[in-house]
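# Breakdown of the fold
Here is what each chain is made of, one letter per residue.
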Amino acid sequence: METTAAFRGLSCTACGAETDGTADRCPDCGGVLVGDYDTQALTPADLPDAPGPGRFEPLRPFARAETVSIGEGATPLVPVPDLADELGVGAAYVKDEGRNPTGALADRKLSLAVTAATQRGTERVLTPSTGNGAQASAAYAARAGVDSKGFVPSRCPFLNKAMVNVHGGDMRVVEGRYDDAVAAFDDATDEADDDWASVAPGHPFRIEGATGVAFEIAAELDWAVPDAVVHPTGHGETIVGLERGFAAAEASGLTDAAPRLYAAQPETTAAVADAAREGETEPVTVERPDTIVGPLEVPEPAAGAAALTALDRTGGDGVAVPDKEILQGAVDGCEMGPETGATGGTAVAGARALAERDAFAADDTVVLVNPVAGSKEADLLRSHLMSQGI
Ligand SMILES: [Zn+2]
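Now for a look at the structure at hand. (Residues numbered from 1 in each chain as written. Predicted model: local features only at pLDDT ≥ 70, side-chain atom pairs only at ≥ 80, totals over all residues. Heavy atoms only, no water.)

### Some remarks on the overall build of the chain
Put simply, the test is: Secondary structure elements follow DSSP: runs of H or I no shorter than four residues count as helices, runs of E no shorter than two count as strands, and numbering proceeds from the N terminus. Atoms counted for the radius of gyration: C-alpha only. Globule rule: 2.2 Å times the number of residues to the power 0.38. Relative accessible area decides the class of each residue, using a 1.4 Å probe on protein chains only: under 20% of the type maximum gives buried, over 50% gives exposed, and in between gives partly exposed. By the convention used here, residues are in contact when the closest approach between their heavy atoms is within 4.5 Å. Only the protein chains shown count as cover for residues, and all accessible areas are computed by the Shrake-Rupley method using a 1.4 Å probe. In this tally, Asp and Glu contribute negative charge and Lys and Arg positive charge; neither His nor the terminal groups of the chain are included. Working definition for charges: the position is that of NZ of Lys, CZ of Arg, CG of Asp or CD of Glu.
Along its length, the chain carries 12 helices and 13 strands. For 390 residues, the compact-globule formula gives about 21 Å, and the C-alpha radius of gyration of the chain, at 19 Å, lands near that figure. A principal-axis box enclosing the C-alpha atoms of the chain has dimensions of 55 × 50 × 35 Å. In the chain, buried positions account for 59% of the 390 residues. Considering only contacts within the chain whose residues lie at least 6 apart along the sequence, 70% involve residues at least 24 apart. Accessible surface computed for the chain: about 14900 Å², of which carbon and sulfur atoms make up 44%. One way to put it: in the chain the 28 positive side-chain charges average out to a point 3 Å from where the 62 negative ones average out.

### So, the coordination of the zinc ion
Ideal coordination angles are 109.5 degrees for a metal with four donors arranged tetrahedrally and 90 or 180 degrees for a metal with six donors arranged octahedrally. For clarity, the threshold we go by: Ligating atoms shown are N, O and S within 2.8 Å of the metal, or 3.2 Å for Na, K and Ca, and water is not included, meaning a site may look less than complete. Angular criteria define each label, namely tetrahedral for four donors with all angles between 85 and 135 degrees, square planar for four and octahedral for six donors with opposite donors over 155 degrees apart and remaining angles between 65 and 115, and irregular for whatever fails these tests.
Protein-derived ligands of the zinc ion are Cys12 (SG), Cys15 (SG), Cys26 (SG) and Cys29 (SG), with the metal-ligand distances lying across 2.3 to 2.4 Å. Geometry at the zinc ion is tetrahedral, judged from its 4 donor atoms and the angles of 100 to 117° they form at the metal. Motif for the zinc ion, donor spacing along one chain: C-x2-C-x10-C-x2-C. On the criterion of sequence distance, the pair formed by Cys15 in the loop between strand 1 (7-12) and strand 2 (18-19) and Cys26 in the loop between strand 2 and strand 3 (33-37) is long-range, its members being 11 residues apart. For Cys15, a relative accessible area of 42% puts it in the partly exposed group. Taking the relative accessible area as the measure of exposure, Cys26 reaches 5% and is therefore buried.

### Some remarks on the side chain of Glu72
Using the following cut-off: When a carboxyl oxygen of Asp or Glu is within 4 Å of a side-chain nitrogen of Lys or Arg, the pair counts as a salt bridge. Side-chain atoms alone can form a polar contact between residues adjacent in sequence; in general such a contact is a pair of N or O atoms within 3.5 Å, and within protein one must be able to donate a hydrogen while the other accepts it.
Within the secondary structure layout, Glu72 lies in the loop between strand 3 and strand 4 (77-79). The side chain of Glu72 is buried and forms no salt bridge, while Arg60, the nearest opposite charge, is found at 5.4 Å. Separated by 2.9 Å, the side chains of Glu72 and Ser69 make a polar contact. Setting aside its immediate chain neighbours within four residues, Glu72 contacts Gly52, Pro53, Asn100, Pro101, Asp107, Arg108, Ser111 and Tyr140.

### Overview of the sheet that holds strand 11 (residues 260-266)
Which entries qualify depends on this criterion: A pair of strands counts as paired when DSSP detects no fewer than two bridges linking them. Axis definition: a line fit to C-alpha positions, over the contact stretch in the case of helices; interaxial angles, taken between N-to-C directions, run 0 to 180 degrees.
One open sheet holds the 6 strands; their spatial order is 4-5-13-10-11-12, and the pairing between them is mixed. Each end of this open sheet is capped by a strand with a single partner; those strands are strand 4 and strand 12 (317-321). Averaged over all neighbouring strand pairs, the angle between strand axes comes to 25°, with direction disregarded. Helix 6 (residues 204-220) rests against strand 4, strand 5 (91-96) and strand 13 (365-370) of the sheet, and its axis sits at about 135° to strand 5. Lying over the sheet, helix 9 (residues 304-314) contacts strand 11 and strand 12, oriented at roughly 135° with respect to strand 11.

### Quick notes on the pairing of strand 7 (residues 147-153)
This is how it is decided: Handedness of a crossover is defined as follows: with both strands directed away from the viewer, a clockwise route from the first strand across the helix to the second makes it right-handed.
A large share of strand 7 lies buried, amounting to 5 of its 7 residues. Pairing between strand 6 (residues 124-128) and strand 7: 5 bridges, direction parallel. Residue Arg124 lies in a different strand from strand 7, and its bridge partner there is Asp147. The parallel pair strand 6 and strand 7, bridged by helix 3 (residues 132-144), forms a crossover whose chirality is right-handed. Two strands pair when backbone bridges link them, and strand 7 and strand 8 (residues 170-174) are joined in this way by 5 bridges, in the parallel orientation. Following the sheet pairing, Val152 is matched in strand 8 by Val173.

### Considerations on the sheet that holds strand 9 (residues 197-198)
Read across the sheet, 4 strands follow the order 8-7-6-9 without closing on themselves; strand pairing throughout is parallel. Looking at strand neighbours, the two that pair on one side only are strand 8 and strand 9, the edges of this open sheet. Sheet strands touched by helix 4 (residues 158-166): strand 7 and strand 8. Its angle to strand 8, the strand with the most contacts, is close to 155°.

None of the figures reported here should be taken as evidence of function without further support.
The structure is reproduced here in structure tokens:
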């Protein structure tokens, strides 16, 4: 693989085993892999003058010129003073990942996962997805000139299915819920020939893609990191990426602290959040996943244990919130700041619940991540308003 000089390979978040950049999971224990770097001392002036994640090339696995990119990253960190007042904190911001090319944070992840796959010479990338990952996978595969196939549950939004087709991607719509789509993906990949690569959730370069969110938040705050970041959580990849990113920025000397990370989840599918609350090191079993927030209906998170380690390491926690509060959080978020969908509303509702239990100090700077464009989830918000007679 053609990686940056800083990238040494991958190491396992569970057992510490080191491997090269070509494994998807730890060959020894099946744990989640993350990038290992020779971190050099950096000042902001040392960073390349480039937009988006490319600016952080010294802390990333692939050089800008080698990365499959359609302009992901460089999303705004929008101040939301009304939310800061409501939460009783010094400042609140929304990191609006809805501004990515396909309207989701998933773009950062698939950019690097597809880059890694194509560097290995693959002609086809495969992933199970609740919807946005399949759309991003199709978009980045098209850009790289390779085929893609997404395995999505029947409840996957029409918008995602349509855009997979528009990008020329193949798709299998699996009757049932997300775990049925994962089972179909597992069956298909067991039988597939060698000419494909997985870009499924838990993939190490998806996690590396998420580190850019941390770098950009720190840079936007003039390298003074926030006190807390609240992230709507499905698989837990972005929690791991945020922790790795903030830790790398601190290790390089760009920052001198790292924020507490909070994983916000719908209460019926709170595999990570409930485990964090209970001090467990593995995700809890979700009996009946049933949330209106499709992207977060992930009963068996692919990076759940790694995310729990990351939350613990930062002094953060989990927070589980009911769908009704999530939808209200989304609508209120749209009134106070950038358009937040149901997925992003989980951060608003989660931050409110965290404020209720005094998780924030009065002078804290709190960042909420909006992982999906509000307009991608307009039908959920509209039906919430109609249920209230609006
Ligand atoms: Zn391992």
